[in-house]
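Coordinate analysis (summary)
Spelled out from the first residue to the last, the chains are:
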Amino acid sequence: MSKTIIVWFRNDLRVRDNEALYQATQDADYIIPIYCFDTRHFKQTQRYGFPKTGKFRTQFLMESVKDLRYSLKDIGANLIVRTGKPEAVIYSLAKYYDVDAVYCHEEVCSEEEAIEIKLDRNLETVNIPLSFFWGSTLYNFDDLPMDIDALPDIFTEFRKSVEKKAHVRDPFPIPKVQLPPDLDIDTGKIPTYNELGLDFEELEKPLFKGGETAALQRIKHYFWKTDQLKVYKETRNGLLGLDYSSKFSPYLALGCISPRSIYEDVKKYEKERTKNSSTYWLIFELIWRDYFRFVSVKYQNDIFKTKGIRKLDIWSRENPVFFEKWSKGETGIPFIDANMRELNATGFMSNRGRQNVASFLVKDLKLPWLVGAEYFESLLLDYDPCSNYGNWNYVAGIGNDPRENRYFNILSQAKRYDPDGDFVKHWIPALKNVPSSRIHEPYLLNETEQKYVQMHLGKHYPKPCLDIHKWQSRKKPKRR
Ligand SMILES: Cc1cc2nc3c(=O)[nH]c(=O)nc-3n(C[C@H](O)[C@H](O)[C@H](O)COP(=O)(O)OP(=O)(O)OC[C@H]3O[C@@H](n4cnc5c(N)ncnc54)[C@H](O)[C@@H]3O)c2cc1C
């Protein structure tokens, strides 16, 4: 008797190094690959009611699903697309087509786990097993050299331990996939924004195109065409342009590429081109990503709670005026505003920018860190619950930062990482005539509101001294 398995795609929108897909082709004759747009992902965030998946990520997701369908067609199958609740949709398809099993990759956060549990219970009623695979990290969960309860709370300890005692598994090859020959099914369309209840227009020029094909092109560009990998360690704190860092994060978040595939390419690059501290540093950063995922497994819902994983009280208070200024990029601190405007315009912000705006929200504006984390959740192209909430815990001082009371001095950060103010001028064109020596001074946007914010910022910030209107209307002196 022939065997059929449903492969439920989630944040693993790829055919390369996809263990669930590969294993299904080893265990069964026929595969039914399915992606279900979960309607709950398009509602509001839990506490502050921002759109849970903003327009940048929604479009990226749609492109990624579309691309997965093409890739599956290339290897002999198709992708069945549905919209609804996966625990109901996958269950009814599994039951209707009387499949032998459902395979998928395991997630680690509570919302995703709740769906897994519900689906498992539903499938149990019809005796269809649900099997999980671990596919999102560089190091496999089963290869960790420690029990999850003993996961070190300091990254360096974790890194040294995995580097010494664990190994990175080889990626899985792309399999040949066959749909059941007599499968009578509507393959389904990618939903429109409207069908998802969203009020967005398609972006004409998104920063990145979603999908495995684009992810592979990005690697090709960053490693092989431009050799940027060779200098990654020196450029990674950059702010302007696409190539100061890898920009793999949106692809990793949706699983359009696996960290193991990136690792394999780094190793190839080291063999064929150069092996140096930069090639190592990219792997180092992927280990950070792993770390936050394992921290989420260890601490579960604590990463989403006000007191964080260290269960610490930090003083904060809601202040809608401050939040609005922060989120719109209108605080009057050029470096903060430029970064927030970049996020609002593109769905992306550099790591340096994220650290600064997060620190500013928590330590200077004294807003609850969760409002910032949820805002990021809504807007980030590369949003991933473990990396986002893990990093916010860290910056807020309730996470894995071994240093007590770390404080980012925004003005000195700005001078260090944007010495000529090119980044600030790019995102706040009204400041373009300000000389580099004064570009990071707080500026006046609207005098009354600005003073209100300024009054609360205290000693670290000089009074706003740049009148934006003055600089805007300033004419260049005529050349003689
Ligand atoms: C407050 C805050 C929130 C963040 N939220 C997210 C998020 O939701 N999703 C996300 O992927 N990253 C998040 N990061 C981490 C980091 O900023 C991004 O991964 C990075 O900027 C993505 O750009 P890149 O791919 O060019 O990174 P590169 O510098 O090229 O790094 C390569 C890869 O390493 C991983 N990585 C690098 N730094 C980190 C880090 N600090 N934590 C976890 N992984 C890292 C990413 O997967 C990244 O793609 C956050 C950082 C902060 C401070």
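Residues numbered from 1 in each chain as written. Predicted model: local features only at pLDDT ≥ 70, side-chain atom pairs only at ≥ 80, totals over all residues. Heavy atoms only, no water.

Now for the overall build of the chain. Within the chain one finds 19 helices and 7 strands. For a compact globule of 480 residues, the expected C-alpha radius of gyration is about 23 Å, and the chain comes in at 24 Å, within 12% of that figure. Projected onto its principal axes, the C-alpha positions of the chain cover 85 × 50 × 50 Å. Residue burial in the chain is summarised as follows: out of 480 residues, 58% are buried. Partitioning the contacts of the chain with sequence separation of at least 6, the portion at a separation of at least 24 is 78%. When the accessible area of the chain is evaluated, it comes to approximately 22300 Å², of which 48% is carbon and sulfur surface. With 72 positive and 67 negative side-chain charges, the chain shows a separation of 9 Å between the mean positions of the two kinds. (Helix = DSSP H or I, 4+ residues; strand = E, 2+ residues; numbered from the N terminus. Rg over C-alpha atoms; globule rule 2.2 N^0.38 Å. Buried < 20%, exposed > 50% of the residue type's maximum accessible area, 1.4 Å probe, protein only. Contact = heavy atoms within 4.5 Å. Areas by Shrake-Rupley, 256 points an atom, 1.4 Å probe, with all protein chains shown as cover. Lys, Arg positive; Asp, Glu negative; His and termini not counted. Charge placed at Lys NZ, Arg CZ, Asp CG, Glu CD.)

Another aspect to go through is the site of the ligand. Close contacts around the ligand come from 26 residues, with Tyr-232, Ser-245, Ser-246, Lys-247 and Asn-351 the closest. Contact distances for the ligand include 3.0 Å between an oxygen atom and a backbone N or O atom of Ser-249. At 3.2 Å, a backbone N or O of Asp-384 approaches an oxygen atom of the ligand. Considering the ligand on its own, with 820 Å² of exposed area, one finds that the protein chains cover 97% of that surface. Counting residues per element, the ones that place at least two in the shell around the ligand are helix H8 (249-253), helix H10 (277-299), helix H13 (351-364) and helix H15 (385-396). Here the element with the most residues in the shell around the ligand is H10; it accounts for 5 residues. Across the shell around the ligand, the residue classes break down as 12 nonpolar, 8 polar and 6 charged. Two domains each put at least three residues into the shell around the ligand: domain 2 (137-169 + 213-298) and domain 3 (320-473). (Near = heavy atom within 4 Å. Polar contact = N/O pair within 3.5 Å; in protein donor to acceptor, adjacent residues only side chain to side chain. Nonpolar A, V, L, I, M, F, W, Y, C, P; charged D, E, K, R; others polar. Domains from an automatic or database assignment.)

A few words on the environment of Leu-254. Of note, Leu-254 is situated in the loop between H8 and helix H9 (259-272). Spatially, the C-alpha atoms of Leu-254 and Trp-288 are 17 Å apart, while their sequence positions differ by 34 residues.

Another aspect to go through is the side chain of Asp-38. By the secondary structure assignment, Asp-38 is in strand E2 (residues 30-38). For Asp-38, a relative accessible area of 2% puts it in the buried group. Those residues within four positions of Asp-38 in sequence are excluded, and the remaining contacts are Gly-84, Pro-86 and Ile-115.

Attention now moves to the packing of aromatic side chains. Applying the stated criterion across every chain, the model contains 40 aromatic pairs. Through a chain of ring-to-ring contacts, three or more aromatic side chains come together here, namely Trp-134, Phe-141, Phe-155, Phe-158, Tyr-280, Trp-281, Phe-284, Trp-288, Tyr-291, Phe-292, Phe-294 and Tyr-394. For Lys-233, the ring lying beneath its charged end belongs to Trp-281, and the centroid distance is 4.4 Å. One cation-aromatic arrangement involves Lys-247 over Tyr-244; the distance from NZ or CZ to the ring centre is 3.5 Å. (Phe/Tyr/Trp six-rings, centres within 6.5 Å; stacked < 30°, edge-to-face > 60°. Lys NZ or Arg CZ within 6 Å of the ring centre and 35° of its normal.)

This next bit is on the nonpolar core. Counting 133 residues, the largest nonpolar core has Phe-37, Phe-158, Phe-223, Ile-262 and Trp-326 as the members making the most contacts within it. With near-sequence residues (within four places) excluded, Phe-158 lies in contact with Leu-144, Met-146, Leu-151, Pro-152, Ile-287, Tyr-291 and Phe-294. Among the nonpolar cores identified, the runner-up in size contains 21 residues, and Ile-6, Ile-80, Val-99 and Ile-115 belong to it. (Core = buried A, V, L, I, M, F, W, Y, C linked by side-chain atoms within 4.5 Å.)

Pairing is parallel in the open sheet, where 5 strands are placed in the order E3-E2-E1-E4-E5. The outermost strands of the open sheet, each flanked by one partner alone, are strand E3 (80-84) and strand E5 (130-133). For this sheet, the mean inter-axis angle between neighbouring strands, taken without regard to orientation, is 30°. Two strands pair when backbone bridges link them, and strand E1 (residues 4-9) and strand E4 (residues 101-105) are joined in this way by 4 bridges, in the parallel orientation. (Pairing = 2+ DSSP bridges. Axes fitted to C-alpha atoms, helices over the stretch in contact; angles between N-to-C directions.)

For helix H12 (residues 334-346), spanning 13 residues, the distance from its first C-alpha to its last is 18 Å, which sits close to the expected 18 Å at 1.5 Å a residue. Counting buried residues in H12 gives 10 out of 13 residues, a clear majority hidden from the surface. Residues of H12 that are buried: Pro-334, Phe-335, Ile-336, Asp-337, Ala-338, Asn-339, Met-340, Glu-342, Leu-343 and Thr-346. Phi for Gly-347, located one or two positions after H12, is positive at around 85°. (Expected span 1.5 Å × (residues − 1).)

Before going further, it helps to spend a moment on the domain arrangement of the chain. As assigned here, the chain comprises domain 1 (1-135), domain 2 (137-169 + 213-298) and domain 3 (320-473). Using only C-alpha atoms to locate each centre, domain 1 and domain 2 end up separated by 25 Å. Looking only at domain 1, the three residues that lose the most surface to domain 2 are Asp-17, Phe-60 and Trp-134, adding up to 40% of its buried area. On inspection of domain 1 and its partner domain 2, the count reaches 2 salt bridges. The salt bridge partner of Asp-17 is Arg-260, with a shortest N-O separation of 2.9 Å. If you look at where domain 1 meets domain 2, you find 8 residue pairs in polar contact (both at pLDDT 80 or more). Partitioned by chemical class, the residues of the side of domain 1 that touches domain 2 number 6 nonpolar, 3 polar and 7 charged. (Buried area = accessible area lost by both parts, 1.4 Å probe. Salt bridge = Lys/Arg side-chain N within 4 Å of Asp/Glu carboxyl O.)

Listed in full, the buried residues belonging to helix H1 (residues 19-27) are Glu-19, Ala-20, Leu-21, Tyr-22, Ala-24 and Thr-25. Taken together, the buried residues of H1 touch E1, E2, helix H2 (55-74), E4 and E5. Backbone nitrogen of Ala-20 and a side-chain oxygen of the N-cap are separated by 3.3 Å at the start of H1; the cap is Asn-18.

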